[in-house]
Amino acid sequence: MPKGRPNTMNNYGVLLHELGLDEPLMTPLRERFLQPVMALLYPDCGGGQLDSHRAFVVKYAPGQDLELGCHYDNAELTLNVALGKVFTGGALYFGGLFQAPAVLTEPLEVEHVVGQGVLHRGGQLHGARPLGTGERWNLVVWLRASAVRNRLCPMCRCEPDLVDDEGFSDGFTREEPTTVDVCALT
């Protein structure tokens, strides 16, 4: 089976689509649960227009990845859920938006709690402090809205030149997606 890296920064983990979990698990999670919540919380950055994702599990452990430097995600919104094991350290830290850089004097830190997740904008500068002990696994879902990224690439901040590809690719589409009517949600 082919195995890709979860992203350009993590060396240990797995892409959920490689396990066949996109259609039966991640797409329904995005469409039925995450998109309605994101439409209310993040309407200004595509929360109601999420039409693709990249989901992966990353692993932090001694002798492997211990931390993750400050970065932003290739996503309009990100969900990061601590799956487990037993660990100390490795808190998430957050700064400003990469589109409006500012001196990161005192970042906000959030401790991972197994079974709980953190939602944030993909353009929010963030990273993970070094793992102290143990092993930590996280589910990360990059939520993408082609209606947003088709106008302005979230990585280079330029109008994209689209190239045909298979699957979700990087979340760009040639068609305008439909929006979620948050007033009709039940």
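In this text, all values refer to a predicted model and were calculated from it rather than measured experimentally.

A. Local environment of the packing of aromatic side chains. Overall, the coordinates contain one aromatic pair when judged by the stated rule. For the pair Phe56 and Trp142, a centre-to-centre distance of 5.2 Å together with 85° between the ring planes defines the contact as edge-to-face. Of this pair, Phe56 sits in strand β2 (residues 52-60) while Trp142 is found in strand β11 (residues 136-144), placing the two residues 86 residues apart along the sequence. What makes Phe56 buried here is its relative accessible area of 1%. On the accessibility criterion, Trp142 (10% relative accessible area) is buried. We note Arg129 situated over the ring of Tyr93; from NZ or CZ to the ring centre the distance is 4.1 Å.

B. Representation of the sheet that holds strand β6 (residues 92-97). Taken in spatial order, the four strands line up as β3-β9-β6-β7 in an open sheet, and their pairing is antiparallel. What marks the edges here is a single partner per strand, and that holds for β3 (68-71) and β7 (108-110). Within this sheet the neighbouring strands show an average axis-to-axis angle of 20°, counted without direction. Pairing between β6 and strand β9 (residues 124-128): four bridges, direction antiparallel. Across the sheet, Leu97 pairs through a bridge with Gln124, a residue of β9.

C. Geometry of the side chain of Asn7. Tracing the backbone shows Asn7 in the segment before β1 (13-15). Judged by relative accessible area, which is 12%, Asn7 ranks as buried. Engagement of the side chain of Asn7 in a polar contact is seen with the backbone nitrogen of Met9, the distance being 2.7 Å. For Asn7, the residues in contact, after removing those within four places along its chain, are Phe56, Val58 and Trp142.

D. Geometry of helix α1 (residues 22-41). Under the 1.5 Å per step criterion, the end-to-end length of α1 is only 24 Å for 20 residues, more than 12% shorter than the ideal 28 Å. At Leu34, α1 shows its maximal kink, close to 45°; a proline, Pro36, follows between one and four residues later. For α1, every residue scored as buried is listed here: Asp22, Met26, Thr27, Pro28, Arg30, Leu34, Gln35, Pro36, Met38 and Ala39.

E. Molecular detail of a nonpolar patch on the surface. On the surface, Val37, Leu40 and Leu41 cluster together into a nonpolar patch covering about 290 Å² of accessible area. Within the secondary structure layout, Val37 lies in helix α1. By relative accessible area, which is 39% here, Val37 ends up partly exposed.

F. Molecular detail of the confidence of the model for the protein chain. Taken as a whole, the protein chain shows an average pLDDT of 84; of its residues, 81% reach a score of 70 or greater. In this model, residues 182-186 is a region of pLDDT below 50 whose contacts with residues beyond four sequence positions or in other chains number four contacts.

About the cut-offs
- Residues numbered from 1 in each chain as written.
- Predicted model: local features only at pLDDT ≥ 70, side-chain atom pairs only at ≥ 80, totals over all residues.
- Heavy atoms only, no water.
- Phe/Tyr/Trp six-rings, centres within 6.5 Å; stacked < 30°, edge-to-face > 60°.
- Helix = DSSP H or I, 4+ residues; strand = E, 2+ residues; numbered from the N terminus.
- Buried < 20%, exposed > 50% of the residue type's maximum accessible area, 1.4 Å probe, protein only.
- Lys NZ or Arg CZ within 6 Å of the ring centre and 35° of its normal.
- Pairing = 2+ DSSP bridges.
- Axes fitted to C-alpha atoms, helices over the stretch in contact; angles between N-to-C directions.
- Polar contact = N/O pair within 3.5 Å; in protein donor to acceptor, adjacent residues only side chain to side chain.
- Contact = heavy atoms within 4.5 Å.
- Expected span 1.5 Å × (residues − 1).
- Bend = angle between axes of the 7 residues up to and from the residue.
- Patch = residues over 30% accessible without salt bridge, like charges linked within 9 Å, V, L, I, M, F, W, Y side chains within 5 Å.
- Areas by Shrake-Rupley, 256 points an atom, 1.4 Å probe, with all protein chains shown as cover.
- Salt bridge = Lys/Arg side-chain N within 4 Å of Asp/Glu carboxyl O.
- pLDDT = per-residue confidence, 0-100.

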